Amino acid sequence: MKIRLGSKLILVFAGLLLAFTLGLLLLLPGFAKNYLQELNQKLHFSLAENLVHKERLLSGDTINQAALKSIFDTLMVVNPSIEVYLLDKSGQLLAYSAPEDHIKRHQVDIEPLQRFIAGKSPLPIQGDDPRHPERLKVFTAAPIYNDQNLEGYLYIVLGGEAYDSIRAMLANSYILRITVVMITAIMALTLLVAVLLVRLLTRRLQRLAQHVHTLKAGDLTGDNPPQFVHSPGHDEIDHLARAINAMSAQIHHQISQLKLADASHRELVANVSHDLRTPLASMQGYLETLAIKCQNLLPESCQNYIQVALRHGERLNTLISELFELAILNAQPARVQRECLPLAELIFDVVQKYRLKAEEKQIQLNVAVDTRLHYVSADIAMMEKVMENLIDNAIKYTPGQGAIQVRLYDTEGSVVTEVSDTGDGIPENAQPFIFDRFYRGDHRCKSDIPGSGLGLAIVKRILDLHDSAIKVVSRTGLGSTFSFTLPAHTAPARQPLFGCDTNVTSS
Ligand code: ADP
């Protein structure tokens, strides 16, 4: 059976309230009785003592019957619920106001009397009721002395038989009944308020649950994530609503990201297949021609065909390697092996590798580095790749007779590396895209400059992994400058590489 949260709360609350009301009704008479006894005993606290001081009631074995009768009569008139007993010092009844046949015990325990007389114990104190073999009653008592000798006690039982019968009568009284009715009414009203409150609270929870249900069943792929409209308050339900709204916004965002990733994945596959197919088709074409016409072709033409096929093969190889490299760099987590690296040394090595290529195009390749080694914390192989791609691009996109300058300098605790060329530059509208995978400007259409469109994407990814950014400043017809900054690293204790004070320029 399905019981709603609100019903469960109401049931538990009603149960508790019922138990509380019953407990209160059961305990109430006991508390009231105790209160009345205490009140009665406090009211009559000095009564016995006053009477004892008024007249001598006992002298040895002789009882002052006249004085005693006068006390019995007076008290009977003033307060019929009081019963007076004269006791000897052991608690034996010597005289009493009650009729003889009502007396059920002639000896009372004097220990409660002594406690009462000492006045140190909390009230009410109960003593034996001579009219009943077991019953206890509140009382007032006073010792009777004869020349310092204790002769006996005046023992007055408060709330005697008359008091009991009146109390029994009052039990059914209007006041008591009205009290019970009032308590029941208050409890019923409390229950009603509780039911309304629970309904109010659970209604908000129900609306929230309904919203989560719609989220579960509904579509999170729309333009905006579905939001739950809640009050601007700060209670737990408002917090929960806010958390659910934040969660659905997050899921919506992640779905959008996944969609973007999916679109970019499709584009990647399309680009890869296109870029692989083109050189492959060319290579196949040249090889087929060679296979068919080999006998009829001049040896120089044959050689030419083979060279072209080889170039396409090389292009394919470069493309596949760069794709593989980018895939590794994009893998999570990418592994960066940082170490203290003298960047100047590395730059000289890379420049050396490209010197021949630059000379073939009659391009000046200059390096401007001061005497220091410019230590940075970086992955050597990755930094080598960055420099290779930047210098390779500079050579590719700079026409013959041009110049390339590689600079390395310190600024505010950082090391800046710059590769500038006097090439054609990059149009302003193309600059935001040159770091995208497979972007090739208008070189994609022209086959004059070979390339995969992956070089700068690799550079960007490597520098991202080193918490650095690649910057480009380029003007069409004037050339481009690519630069990046790495935090300087403290140099290890070793000799500087270059022994001169001025800037070292190599070409
Ligand atoms: P590619 O294999 O085409 O060189 P890259 O990712 O290295 O691919 O570069 C992307 C594009 O950025 C190039 O196709 C080119 O249009 C432009 N580019 C990169 N470097 C330079 C440069 N130094 N001068 C002019 N254009 C450049």
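Just so it is clear, the structure is predicted and the values come from calculations on it, not from any experiment. (Residues numbered from 1 in each chain as written. Predicted model: local features only at pLDDT ≥ 70, side-chain atom pairs only at ≥ 80, totals over all residues. Heavy atoms only, no water.)

(A) Focus on the site of the ligand. Around the ligand lies a shell of 20 residues, among which Asn393, Tyr397, Arg440, Ser452 and Leu456 are the nearest. In the environment of the ligand, an oxygen atom lies 2.8 Å from a nitrogen or oxygen atom belonging to the side chain of Asn393. Gly453 is positioned such that a nitrogen or oxygen atom in its backbone is 2.9 Å from an oxygen atom of the ligand. Listed by contribution, the elements that provide at least two residues to the shell around the ligand are helix H10 (380-396), helix H11 (455-465) and strand E14 (479-487). Per-class residue counts for the shell around the ligand are 8 nonpolar, 9 polar and 3 charged. (Near = heavy atom within 4 Å. Polar contact = N/O pair within 3.5 Å; in protein donor to acceptor, adjacent residues only side chain to side chain. Helix = DSSP H or I, 4+ residues; strand = E, 2+ residues; numbered from the N terminus. Nonpolar A, V, L, I, M, F, W, Y, C, P; charged D, E, K, R; others polar.)

(B) Molecular detail of the packing of helix H7 (residues 236-293) against helix H8 (residues 299-330). Relative orientation of the contacting elements H7 and H8 amounts to 160°, with a least axis distance of 9 Å. One element, H7, and the other, H8, form an angle in the roughly antiparallel class. Where H7 crosses over H8, the two elements pack in a sense that is left-handed. Together, Val272, Asp275, Leu276, Pro279, Leu280, Ser282, Met283, Tyr286, Leu287, Thr289 and Leu290 of H7 and Cys302, Tyr305, Ile306, Val308, Ala309, His312, Gly313, Leu316, Leu319, Ile320 and Leu323 of H8 make up the contact between the two elements. Among the residues making up the contact of H7 with H8, the classes are represented as 17 nonpolar, 4 polar and 1 charged. (Axes fitted to C-alpha atoms, helices over the stretch in contact; angles between N-to-C directions. Parallel < 35°, antiparallel > 145°, perpendicular 65-115°, else oblique. Left-handed = near helix turned anticlockwise from the far one by under 90°. Contact = heavy atoms within 4.5 Å.)

(C) Highlighting the nonpolar core. Core analysis: the biggest nonpolar cluster contains 53 residues, and Met383, Met387, Leu390, Ile391, Phe482 and Phe484 have the highest contact counts within it. With 9 residues, the top contributor of residues to this core is helix H9 (residues 343-360). Among residues more than four places away in sequence, those in contact with Phe484 are Met383, Val386, Met387, Leu390, Val415, Val416, Thr417, Leu463, Ser468, Ala469 and Ile470. (Core = buried A, V, L, I, M, F, W, Y, C linked by side-chain atoms within 4.5 Å. Buried < 20%, exposed > 50% of the residue type's maximum accessible area, 1.4 Å probe, protein only.)

(D) Highlighting the packing of aromatic side chains. Applying the stated criterion across every chain yields a total of 8 aromatic pairs. Relative to Tyr155, the ring of Tyr85 lies with its centre 6.2 Å away and its plane at 40°, an arrangement referred to as tilted. On the criterion of sequence distance, the pair formed by Tyr85 in strand E3 (residues 83-88) and Tyr155 in strand E7 (residues 149-157) is long-range, its members being 70 residues apart. Each member of the pair, Tyr85 together with Tyr155, is buried. On the basis of an interplanar angle of 90° and a centroid distance of 5.4 Å, the ring pair of Tyr286 and Tyr305 is categorised as edge-to-face. Placement of Tyr286 in helix H7 and of Tyr305 in helix H8 is noted, with a sequence separation of 19 residues between them. Judged by relative accessible area, Tyr286 falls into the partly exposed class, the value being 29%. (Phe/Tyr/Trp six-rings, centres within 6.5 Å; stacked < 30°, edge-to-face > 60°.)

Remember that the coordinates give geometry; whether it matters functionally is a separate question.
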